[in-house]
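Survey of secondary and tertiary structure
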Amino acid sequence: MQFPPVDVVIPARNAAATLGAAIRSVLAQSAPDLRVIVVDDGSSDDTPRIAAALAARDGRVTLIRQPQGGIAAAMNAGIDAGTAPFVARLEADDLSHPDRHAHQLGHLLDHPDTVGLSGAQREIALDGSPTGHVNNPAKAPPPDPFWLPAREPALTQPFFMTSRAALRAVGGYRAFPVAEDTDLYWRLAALGRLDNLPDILGSYRFHAGSVSGASVRHGRRLAIWSQLAALSAQRRQAGQPDITLPRWRAGDAPPDDPVAAQLPVLVRRCGLSRAEGAWLATAVAAKLVELAGYRPFELDLSDCRFIARALTAAAPRFAPANASDLRRHRAATAARLLRGGRLSEALALGKSLWPEMLARAAANRLYWTKRQM
């Protein structure tokens, strides 16, 4: 089957250890009509040299260099440099499987109402060894921007593909420092279907240095901006003007401030109403406690107190199913903190969680004891 061309955009910053393997995985596609556009986002290591060397050996590789501007700016630069009717994304530390493009293009051609898609992926460690975990986002619940935290379109960003026409229609990526992919998916969803294939499309390198997992600072930012994207989707669904993103100035809350310090600044700069600000605080608290249950970072005491305050204040408004979901997340995170010896933080999430907290901590300890026998 003759497949249409694809521009593969790889945003890269200080990715010298993995970029070469990522590019080679694209060049090995069974659907070979492609161009690889590497956007070096102000790297200080050998990232541009590695990309330039591969470009010299294979005319399908192009290198663009620009000052550090973030992933959204890098993606837009790569998209603008291409001409193919379809655009794929790949992270500089992940690997596309050889038939990834064939599976995705075949689906897009057979389902013209689909505007974007991703699929299943295997998880690998930093050294490339498999962890044994396979992520299948097709099993995720339907997107819902009003759920707490918002149920986002479950498309894994390193294996995302869409049409150039769809990207143009929604204006490309917006200047989100993180969660730029989620914001794009919410906007694309207004044009048509977002699908996940059951096929394994690649290998996702999960490690402590990943953007959403490196530290509590990244976790806070991801919680804030992902929920702002959902609030933006709420406005569009209601036919209201979209949120205007702020430009940060000197004196604004820096990104490593506690969430309680960051939110008032963001609410003011985005021009959110009081009701929107209250929803955002609750949603951020819910997202932060969800992330902390499985991401490789630990909440500090101020985070735990913020989460408890925000969720307790909004509790009377939760739908029963949502309340049950949030209690489960809080108990899981509290149990993780307890296992790490952080009793004050665990209790700050809610003393009423004590029974579930102890049960989860004991079950986890038993699991690891059996694994070591």
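In this report, the structure presented in the accompanying data block is examined.

Each value, and the rule that gives it
Residue positions are given per chain, counted from 1 along the sequence in the order it is written. Selection of residues for local features in this predicted model requires a pLDDT of at least 70, selection of side-chain atom pairs for listing and counting requires 80 or more, and totals for whole chains, interfaces and linings are taken over all residues. As a rule here, side-chain values come from all non-hydrogen atoms in the structure, and water together with hydrogens is ignored. Numbering of helices and strands runs from the N terminus, with a helix taken as a DSSP run of H or I at least four residues long and a strand as a DSSP run of E at least two residues long. Residue burial is assigned from relative accessible area. The probe radius is 1.4 Å, only protein chains are included, and a residue is buried under 20% of its type maximum, exposed over 50%, and partly exposed in between. Contacts described as polar in this section are N or O atom pairs within 3.5 Å, which, within protein, must combine one atom able to donate a hydrogen with one able to accept it, while residues neighboring in sequence count only if both atoms come from side chains. What makes two residues a contact is simply this: any of their non-hydrogen atoms within 4.5 Å. The term nonpolar core refers to a set of buried residues drawn from Ala, Val, Leu, Ile, Met, Phe, Trp, Tyr and Cys, joined through side-chain atoms within 4.5 Å. Multiply 1.5 Å by the residue count of a helix minus one, and that product is the helix's expected span. For helices, the fitted axis covers only the stretch in contact; all axes are lines through C-alpha atoms, and the angles between them, taken along N-to-C directions, range from 0 to 180 degrees. Here is the rule for angles: anything less than 35 degrees is roughly parallel, anything more than 145 is roughly antiparallel, 65 through 115 is roughly perpendicular, and the remaining ranges are oblique. With the far helix as reference, a near helix turned anticlockwise by less than a right angle produces a left-handed crossing, and one turned clockwise produces a right-handed crossing. Polarity classes work like this: nonpolar for Ala, Val, Leu, Ile, Met, Phe, Trp, Tyr, Cys and Pro, charged for Asp, Glu, Lys and Arg, and polar for all others, with Gly in that last group. Pairing of aromatic rings covers Phe, Tyr and the six-membered ring of Trp, with a centre-to-centre limit of 6.5 Å; geometry is then stacked below 30 degrees between planes, edge-to-face above 60, and tilted otherwise.

Let us look at the side chain of D7. Relative to the helices and strands, D7 resides in strand β1 (residues 6-12). Look at D7 and you get buried, because its relative accessible area is 3%. A polar atom in the side chain of D7 sits 2.8 Å from the backbone nitrogen of T83. Side-chain polar atoms of D7 contact the side chain of R164, separated by 2.6 Å. Beyond its immediate chain neighbours, meaning those up to four positions away, D7 contacts R35, I37, G82, T83, A84, F86, V87, A88 and R164.

Attention now goes to the environment of L148. Along the chain, the position of L148 falls in the loop between β7 (130-135) and β8 (161-163). Measuring from C-alpha to C-alpha, the distance between L148 and K287 comes to 7.5 Å, with 139 residues separating the pair along the chain. Once residues lying within four places of it in the same chain are set aside, the contact partners of L148 are W279, T282, A283, A286, F318, N322 and L326.

Time to look at the nonpolar core. In terms of nonpolar packing, the biggest core is built from 50 residues, with L228, L280 and I307 touching the most fellow members. Those elements giving two or more residues to this core turn out to be α7 (216-237), α8 (259-270), α9 (274-292), α10 (301-314) and α11 (320-339). Discounting residues that sit within four places of it in the chain, I307 has contacts with A285, L288, V289, L299 and L349. L34, F86, A88 and L117 belong to the second-largest nonpolar core, a separate cluster that totals 31 residues.

Our focus in this paragraph is α10. The terminal C-alpha atoms of α10, which comprises 14 residues, lie 20 Å apart, in line with the 20 Å expected from a rise of 1.5 Å per residue. Burial in α10 covers these residues: D303, C304, F306, I307, A308, A310, L311 and A314. Among the structural elements, α7, α8, α9, α11 and α12 (343-348) are those in contact with the buried residues of α10.

A few words on the packing of α7 against α9. Where α7 contacts α9, the two axes come as close as 8 Å, and the packing angle between them is 135 degrees. The angle between the axes of α7 and α9 places the two elements in the oblique class. α9 is crossed by α7, and the crossing has right-handed handedness. Between α7, through G219, R220, L222, A223, I224, S226, Q227, L228, A230, L231, Q234 and R235, and α9, the contact on the second element is made entirely by E276, W279, L280, A283, V284, K287, L288 and L291. Here the residues of the contact of α7 with α9 sort into 12 nonpolar, 4 polar and 4 charged.

Another point: unusual backbone geometry. Between L148 and P149 the backbone carries a cis peptide bond, its omega angle lying at -10 degrees. Relative to the helices and strands, P149 resides in the loop between β7 and β8. In this structure, N14 takes a positive phi of about 50 degrees despite not being glycine. Mapped onto the secondary structure, N14 falls in the loop between β1 and α1 (19-27). Of note in this structure, A179 is not a glycine but carries a positive phi near 60 degrees. On the secondary structure map, A179 appears in the loop between α5 (164-170) and α6 (180-188).

On to the packing of aromatic side chains. The tally for this structure, following the rule as stated, stands at 2 aromatic pairs. With centroids separated by 4.9 Å and ring planes inclined at 50 degrees, the aromatic side chains of F160 and Y185 adopt a geometry described as tilted. Of the two residues, F160 is situated in the loop between β7 and β8 and Y185 in helix α6; the sequence distance between them amounts to 25 residues. A relative accessible area of 2% places F160 in the buried class.

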